[in-house]
Amino acid sequence: MATTARSTLQLIERRWPWLAVSLALTLGLFVCTTLGWWWYADQRDAQARRLTLDLLWLEQTLQRTLETHQRMLVNWAEDLAAPGAGQATGAEFRERIAGLMKDHRALLAIDQVDAAGKRITGLPDYTERPSQLPPLTDPLIGAALVQARALRRPVYSQVIEQGAPLWVLVVPLLDEAGAQGAVLATYNLDRLLELEVPWWFVQRYDLSLVDRNHKRLFPTDVAAAEPAPEQHTLTFGPPDSGLALQAGLHEHAQPRGLLAGLAAAAALLAVTLVWLLQLLRRWLRERAAAARMAHERDELLQHTARLASLAELASGIAHELNQPLAAIANYSAVASACLAQDPPLKHKAEDAVARMGEEAQRAGKIIHSLRSFIQKREVEHRRHAVADLLTEPLALLEPLARRLQVGIKVDARDRSAQIDCDAVMIEQVVFNLLRNALEAVATQAATPPDDAVTVQVADDGEAVAICVADRGPGIAQPERLFQAFYTTKPEGMGLGLAICRTVVESHGGRLWAEANPGGGARVCVRLPRSTLALV
């Protein structure tokens, strides 16, 4: 052990192990930071790819919706422009556009106009054009009409801002002679995007519809929007519309300054670790210096501990041997008295001598048990019935109980319960508890009641409890009851209950005291049930 301590001390005093640890920690932090950067870059690229794919999907969805409407309107326009089309055809046209507008609420109006741009029919019905619809004389609508007739195909107007961004699809009515008029479909772009953009897209991205000047048309709560580097842009509508869809991750989904914060945290952690290592090294050096002076003090402490153990052993032996020695003296006096009779009471004298031998053997067992306990040696536990453990203490205390005129009442229930224990030590515990109960009752001036001292055994299936109750004065200071050298008796040493608690705890049990209902005190021992085979 001395060689190991010396090697440890030399390792603490050297510098290179601490430098190696500091370098390893710093390198580990650098690797973790690099891996974190790679992970962040990979996540950012994956988010960008997903954003591009989602935006393409949205653009195709919108384009498919607009193309479907355009094909339907072109077919209906051909019916209106066909030779022989009359009032019935116009009624059928109104019925068709009513269904289309009902299915798609982004369509504010569908009108049929003549070659001069005047309204012939359409929905909604009105006598005066509503304010939310652009006037048919609007220059942007007029430009779209001219372009549609010239190209002989449907054309979208430029965005008309009238409360909301509006978009007019112009489908020309053509025949062999030329243009007869047009069908105008007016879209509310705000409502179009609200209807076509799914909820998960809105939760995941910030979506904007902007014109060629980067003016935000949707949503309308922001006046202008500059394209950010993280945003992706796709053209919306015809190539000459000037409209574009912009989408980017929500601000909370792309934490700014994450890498800088990560690098700063890693650097701070590295400095902190190096500083803590230096503190640890200094503390270990101080401990090593203190360890150089622990040797003589340890020897002194060990010597003191041995003296204390010897004193405790001597006190315990003196206390525990008091009862068997007193019994030997009593039996000796009985034997002498029997032999002094004329004629001598030979049988009683022989019985007293036999009892003296038993008490002498008991004293030897007590010394052996106490010495084994003090030396922390493992005693031999055997299986015993609780009834057998009560027999000897009750027999020893019978003369004292008769002299004090105090009866001991034993509850016979669960006396067959069995525990694993050192019988001598547990019998001594029961003896001490019963003797204390008898002496407590004897201090009372009144005549002892029938239940002056009771012993009750209870078996709850997991443990066995032995409770000794008395009708004495009760417990004055229960918190000090099991402290060594604390006693309320003038001639007492204060070791009895302290030793009892140590014995019970060494058996894996518990010893406690409490008030006895109706007056007095009750001390209980709880020990585990037997798990050994019967011997």
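*Asks:* What am I meant to see in the overall build of the protein here?
*Replies:* Helices and strands together make up the secondary structure of the protein, namely 12 helices and 17 strands. Going through the 535 residues of the protein one by one, you find that 38% of them count as buried. Here the contacts in the protein between residues at least 6 apart in sequence split such that 66% fall between residues at least 24 apart. Carbon together with sulfur atoms contributes 57% to the accessible area of the protein, which is approximately 31,100 Å² in total.

*Asks:* Hey, could you run me through empty space enclosed by the protein in this one?
*Replies:* Counted according to the given criterion, the structure contains two cavities of 30 Å³ or more. Reported here for the second largest cavity is a volume of approximately 40 Å³. Surrounding the second largest cavity, Ile426, Val429, Val430, Leu433, Ile466, Val525 and Leu527 form its lining. Per element, the largest residue contribution to the lining of the second largest cavity is four residues, and it comes from helix 11 (residues 423-442).

*Asks:* Can you walk me through the packing of aromatic side chains in this structure?
*Replies:* Each aromatic ring pair is characterised by the separation of its centres together with the angle its planes make. Inspection of the entire model under this criterion finds four aromatic pairs. One residue, Arg510, lies across the ring of Trp512, its end atom 4.1 Å from the ring centre.

*Asks:* Can you help me understand helix 10 (residues 386-404) in this one?
*Replies:* Think of an α-helix as turning once every 3.6 residues; residues three or four places apart then point the same way. Between the first and last C-alpha of helix 10 there are 26 Å, a value that for 19 residues agrees with the 27 Å anticipated at 1.5 Å per step. Approximately 45° is the largest bend angle found in helix 10, and it occurs at Glu398, with the proline Pro399 only one to four residues beyond. For helix 10, the full list of buried residues reads Val386, Ala387, Leu389, Leu390, Pro393, Leu397, Leu400 and Ala401. Taken together, the buried residues of helix 10 touch strand 11 (382-385), strand 12 (408-411), strand 13 (418-421), helix 11, strand 14 (453-459) and strand 15 (463-470). A positive backbone phi angle near 55° is found at Gln405, which sits one or two residues after helix 10.

*Asks:* Is there a simple way to explain the sheet that holds strand 16 (residues 510-515) in this structure?
*Replies:* For sheets, the rule is that strands pair by backbone hydrogen bonds, running either parallel or antiparallel. The mixed open sheet is built from five strands, whose spatial order is 12-14-15-17-16. Looking at which strands have only one partner, the edges of the open sheet turn out to be strand 12 and strand 16. For this sheet, the mean inter-axis angle between neighbouring strands, taken without regard to orientation, is 15°. Where strand 16 meets strand 17 (residues 521-528), six bridges bridge the pair, whose relative direction is antiparallel. From the neighbouring strand, Ala515 faces strand 17, where its bridge partner is Ala521. The strands touched by helix 12 (residues 496-506) within the sheet are strand 16 and strand 17, with strand 16 carrying the most contacts at an inclination of about 130°.

*Asks:* Before we go on, may I ask you to explain the nonpolar core in this structure?
*Replies:* As a rule of thumb, nonpolar side chains are buried together in soluble globular proteins. Ranked by internal contacts, the top residues of the largest apolar core, which has 42 residues, are Ile110, Val183, Leu209 and Phe236. By residue number, the principal contributor to this core is helix 2 (residues 16-81), which donates 10 residues. With sequence-adjacent residues up to four places away left out, Phe236 is seen in contact with Leu62, Leu66, Trp167, Leu189, Leu192, Leu209, Ser241, Leu243, Ala244 and Leu245. One finds Val429, Phe431, Ala437 and Val455 within the second-largest nonpolar core, a separate group that totals 39 residues.

*Asks:* Sorry, what's going on with the pattern of salt bridges here?
*Replies:* Where charged atoms from two side chains of opposite charge approach closely, those side chains can pair. Using the criterion set out here, one finds 11 salt bridges in the structure. Its salt-bridge partner being Arg96, residue Asp79 comes within 2.9 Å of it at the nearest N-O pair. Here Asp79, found in helix 2, pairs with Arg96, found in helix 3 (residues 87-103); they are 17 residues apart in sequence, far enough to count as distant. When the shortest N-O distance is used, the salt bridge between Arg129 and Asp111 registers 3.4 Å. One end of the pair, Arg129, is in the loop between strand 2 (119-123) and helix 4 (139-151); the other, Asp111, is in strand 1 (residues 107-114), and 18 residues separate them in sequence.

*Asks:* Please explain the packing of helix 10 against helix 11 as it appears in this structure.
*Replies:* When two helices pack together, their arrangement is given by the angle between their axes and by how far apart the axes lie. Put simply, helix 10 and helix 11 touch, their axes get as near as 9 Å, and they point 25° apart. For the element pair helix 10 / helix 11, the angle class is roughly parallel. Two packed elements cross with a definite hand, and for helix 10 against helix 11 that hand is right-handed. Here Asp388, Leu389, Leu390, Glu392, Pro393, Leu394, Leu396, Leu397, Leu400, Ala401 and Leu404 of helix 10 lie close against helix 11, whose contacting residues are Ala423, Ile426, Glu427, Val430, Phe431, Leu434, Arg435, Leu438 and Ala442. Residue classes in the contact of helix 10 with helix 11 are distributed as 16 nonpolar, no polar and four charged.

Reading the values: the criteria
- Residues numbered from 1 in each chain as written.
- Predicted model: local features only at pLDDT ≥ 70, side-chain atom pairs only at ≥ 80, totals over all residues.
- Heavy atoms only, no water.
- Helix = DSSP H or I, 4+ residues; strand = E, 2+ residues; numbered from the N terminus.
- Buried < 20%, exposed > 50% of the residue type's maximum accessible area, 1.4 Å probe, protein only.
- Contact = heavy atoms within 4.5 Å.
- Areas by Shrake-Rupley, 256 points an atom, 1.4 Å probe, with all protein chains shown as cover.
- 1 Å grid on protein atoms, 1.4 Å probe; cavity = no way out; pocket = protein on both sides within 12 Å on 5 of 7 lines; lining within 4 Å.
- Points joined across faces, edges and corners; volume = space filled by probe spheres on them.
- Phe/Tyr/Trp six-rings, centres within 6.5 Å; stacked < 30°, edge-to-face > 60°.
- Lys NZ or Arg CZ within 6 Å of the ring centre and 35° of its normal.
- Expected span 1.5 Å × (residues − 1).
- Bend = angle between axes of the 7 residues up to and from the residue.
- Pairing = 2+ DSSP bridges.
- Axes fitted to C-alpha atoms, helices over the stretch in contact; angles between N-to-C directions.
- Core = buried A, V, L, I, M, F, W, Y, C linked by side-chain atoms within 4.5 Å.
- Salt bridge = Lys/Arg side-chain N within 4 Å of Asp/Glu carboxyl O.
- Parallel < 35°, antiparallel > 145°, perpendicular 65-115°, else oblique.
- Left-handed = near helix turned anticlockwise from the far one by under 90°.
- Nonpolar A, V, L, I, M, F, W, Y, C, P; charged D, E, K, R; others polar.

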